[in-house]
Amino acid sequence: MGEHVIKLPDVGEGVAEAELVEWHVKVGDLVREDMVLAAVVTDKATVEIPSPVDGEILWLGAEIGDTVAIGSPIVRLKVAGEGNMKPQSDAAEEAIKAEPPAKLPTPKPEAAPASPKAQSKVAAPKAKPAPAPANGAARALVSGAPRPEGEKPLASPAVRLRAREAGIDLRQVAGSGPAGRIGHEDIEAFLARGPQVAKTSGLARKDNVEDIKVIGLRRKIAEKMALAKSRIPHITYVEEIDVTSLEELRATLNKEKRQDRPKLTLLPFLMRAMAKAIADQPSINAIFDDEAGIIHQHGGVHIGIAAQTPSGLVVPVVKHAEARDLWECGAEVNRLAEAAKSGTASRDELSGSTITITSLGAMGGVATTPVINYPEVAIVGVNKMMVRPVWDGTQFIPRKMMNLSSSFDHRVIDGWDAAVFVQRIKALLETPALIFVD
């Protein structure tokens, strides 16, 4: 028998480390070749680490949430044959496998009993006499019976607030103050009596705290959002768009579409409008390297589509949207969205964007303040579509209206340029025939 060490492989060009987010095995498990051992994440791409050999797990080299350098040992297996390393001595192997013994708390020495002479000097505390109940209703209250219907308990606002937060019906509490007034000490006594006393209000305090470690994709998102907000001074511009004509055109195109074409959503129209607007304002389609002081202005329009997945927010990228028509944009969005949701999107498909679209669909709200996908300089946010009355000069008519909430890096994009860009998109979406004009 021999031992085989598995090291964290190169999971992407230029990647020096990855975060361990999941173990699929534990010490003592028997594994087969190509069986998935673990999953790591880097730059929002999740990579599974398979076993190259059959064997038994002897050692796992990291915990979930740890950052592991490429080439570091992560698994050691017992295998048939020589393996790729010299086996540990029996003593070393037992030391690795052995669980550390549980440490029991050291019992505190009991205090020596006081001498009879000392005990005689300690007077037993006198019990505080319970206040005599004022009437029959109060006497019933002492035993835990509720006050009669309509009788309001006497208590200060602070006591009432405390009872409400604790889910206590004050009618169940015996008051020790004048005329049966309920004080804080009565609340304490009521709570000390335990759960056998019914709480008729249906409210109860919850003091539990759950600690959730931020790992994997959620940690990557947190780091990127913090970087974007700390480095980029955002300016957000909100504009109202009349999409009535666009929706009519979209419905017609979907009704008459060929079988080999996807069903069109709003996104392909917005992508084409953005590509045409960027042709007039190429400075919007850029990456700002703020450390080097260089703006990388791209000719190709690579649009990131922020997508919510079961694992968190990812941004698959439609490359070269300027060279795709409506249906090609729609097909690529559908393909990338499916890959993102299933977790099969490649590193290349999740990187390289030059501008991003973010949309919450029907839950998009009236207006939002999108966070720029660092190090880009602009992001376009789609808000929900609503039918609203619009004055046409003689009367109010129902129109389908939608807001675009777009954020820009104010270090390199002036407010005027941001407004010109959004107004160009507005003109294209409100007169969608212009989208097809070269």
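Before reading further, recall that the structure is shown in the block above.
Since the model is a prediction, treat every value here as computed from it, not as a measurement.

What counts and what doesn't
- Residues numbered from 1 in each chain as written.
- Predicted model: local features only at pLDDT ≥ 70, side-chain atom pairs only at ≥ 80, totals over all residues.
- Heavy atoms only, no water.
- Helix = DSSP H or I, 4+ residues; strand = E, 2+ residues; numbered from the N terminus.
- Buried < 20%, exposed > 50% of the residue type's maximum accessible area, 1.4 Å probe, protein only.
- Contact = heavy atoms within 4.5 Å.
- Areas by Shrake-Rupley, 256 points an atom, 1.4 Å probe, with all protein chains shown as cover.
- 1 Å grid on protein atoms, 1.4 Å probe; cavity = no way out; pocket = protein on both sides within 12 Å on 5 of 7 lines; lining within 4 Å.
- Points joined across faces, edges and corners; volume = space filled by probe spheres on them.
- Nonpolar A, V, L, I, M, F, W, Y, C, P; charged D, E, K, R; others polar.
- Phe/Tyr/Trp six-rings, centres within 6.5 Å; stacked < 30°, edge-to-face > 60°.
- Pairing = 2+ DSSP bridges.
- Axes fitted to C-alpha atoms, helices over the stretch in contact; angles between N-to-C directions.
- Parallel < 35°, antiparallel > 145°, perpendicular 65-115°, else oblique.
- Left-handed = near helix turned anticlockwise from the far one by under 90°.
- Salt bridge = Lys/Arg side-chain N within 4 Å of Asp/Glu carboxyl O.

1. Quick look at the overall build of the chain
When helices and strands are counted, the chain shows ten helices and 18 strands. Counting the 438 residues in the chain, one finds 37% classified as buried. Sequence separation of 24 or more characterises 63% of the internal contacts of the chain that already satisfy a separation of 6 or more. Surface summary for the chain: the accessible area is close to 25500 Å², and the carbon and sulfur share equals 56%.

2. Some thoughts on empty space enclosed by the protein
Applying the stated criterion across every chain, the model contains one cavity of 30 Å³ or more. The space that makes up the largest cavity amounts to roughly 40 Å³. Lining the largest cavity are Leu8, Leu20, Trp23, Ala38, Val40, Ile49, Ala62, Val68 and Ile74. Among the elements of the structure, β2 (17-23) and β4 (36-42) are those that each provide at least two residues to the lining of the largest cavity. Considered class by class, the residues forming the lining of the largest cavity number nine nonpolar, no polar and no charged.

3. Regarding the packing of aromatic side chains
Under the criterion given, the structure shown has two aromatic pairs. Relative to Phe396, the ring of Trp391 lies with its centre 4.9 Å away and its plane at 65°, an arrangement referred to as edge-to-face. Judged by its relative accessible area of 57%, Phe396 is exposed. Taken together, a centroid distance of 6.2 Å and an interplanar angle of 90° make the contact between Phe408 and Phe421 edge-to-face. You can see Phe408 sitting in strand β18 (residues 396-409) and its partner Phe421 sitting in helix α10 (residues 415-430), a full 13 residues away along the chain.

4. What to know about the pairing of strand β8 (residues 73-79)
Of all seven residues in β8, five are buried, a share of seventy percent or more. Relative to β8, strand β1 (residues 2-7) runs antiparallel, the two being bridged by six bridges. Across the sheet, the residue bridging to Lys7 is Pro73, located in β8.

5. Observations regarding the packing of helix α8 (residues 266-280) against helix α9 (residues 326-342)
Two elements in contact, α8 and α9, have axes separated by 9 Å at closest approach and are oriented at 120°. Relative to α9, the element α8 is oriented oblique. Where α8 crosses over α9, the two elements pack in a sense that is right-handed. Counting all contacts with α8, which are made through Leu267, Pro268, Phe269, Met271 and Arg272, the residues of α9 involved are Leu326, Cys329, Gly330 and Val333. Here the contact of α8 with α9 is composed, by residue class, of seven nonpolar, one polar and one charged.

6. A short note on the layout of surface pockets
Its boundaries defined by the atoms lining it, the second largest pocket holds a volume of some 500 Å³. Around the second largest pocket, the lining comprises 18 residues; the ones closest to its centre are Asp43, Lys224, Leu350, Tyr374 and Pro375. Among the elements that make up the lining of the second largest pocket, the one with the highest residue count is helix α6 (residues 216-231) (four residues). Residues belonging to the lining of the second largest pocket are distributed by class as follows: seven nonpolar, four polar and seven charged.

7. Some points on the sheet that holds strand β6 (residues 55-60)
Strand order across the open sheet formed by four strands is β1-β8-β6-β3, with antiparallel pairing between neighbours. One side of each edge strand has no neighbouring strand; the edge strands of this open sheet are β1 and β3 (30-31).

8. Overview of the pattern of salt bridges
As enumerated under the stated definition, the model contains 19 salt bridges in all. Here Glu3 ties to Arg76 by a salt bridge, and the two come within 2.7 Å at their closest N and O atoms. One end of the pair, Glu3, is in strand β1; the other, Arg76, is in strand β8, and 73 residues separate them in sequence. The exposure class of Glu3 is buried, given its relative accessible area of 2%. Asp242 is paired through a salt bridge with Arg399; the nearest N and O atoms lie 2.9 Å apart. Note that Asp242 is positioned in strand β9 (residues 234-242) and Arg399 in strand β18, a separation of 157 residues in sequence. The exposure class of Asp242 is buried, given its relative accessible area of 14%. Residue classification places Arg399 among the partly exposed positions, given a relative accessible area of 23%.

9. Let's talk about the environment of Ala155
With respect to the secondary-structure elements, Ala155 resides in the loop between α3 (136-142) and α4 (157-166). Sequence separation of Ala155 and Leu170 is 15 residues, and the distance between their C-alpha atoms is 8.6 Å. The residues contacting Ala155, other than those within four sequence positions of it, are Arg160, Leu170, Arg181 and Ile182.

10. With respect to the sheet that holds strand β7 (residues 67-69)
Read from one edge to the other, the open sheet built from four strands follows the order β5-β4-β2-β7, with strand pairing classed as antiparallel. A strand with exactly one partner marks an edge of an open sheet, and here the two such strands are β5 (45-50) and β7. Sheet twist, expressed as the mean angle between neighbouring strand axes with direction ignored, is 40°. The pairing of β2 with β4 spans four bridges and is classified as antiparallel. Looking across to β4, one finds that Glu19 is bridged to Val41.

11. Observations regarding the packing of α4 against helix α5 (residues 184-192)
Where α4 meets α5, the closest approach of the two axes is 10 Å, and the angle between their N-to-C directions is 20°. Between α4 and α5, the angle is such that the two are roughly parallel. The hand of the α4/α5 crossing is right-handed. On α5, the residues that touch Ala158, Val159, Arg162 and Ala163 of α4 are His184, Ile187 and Glu188.

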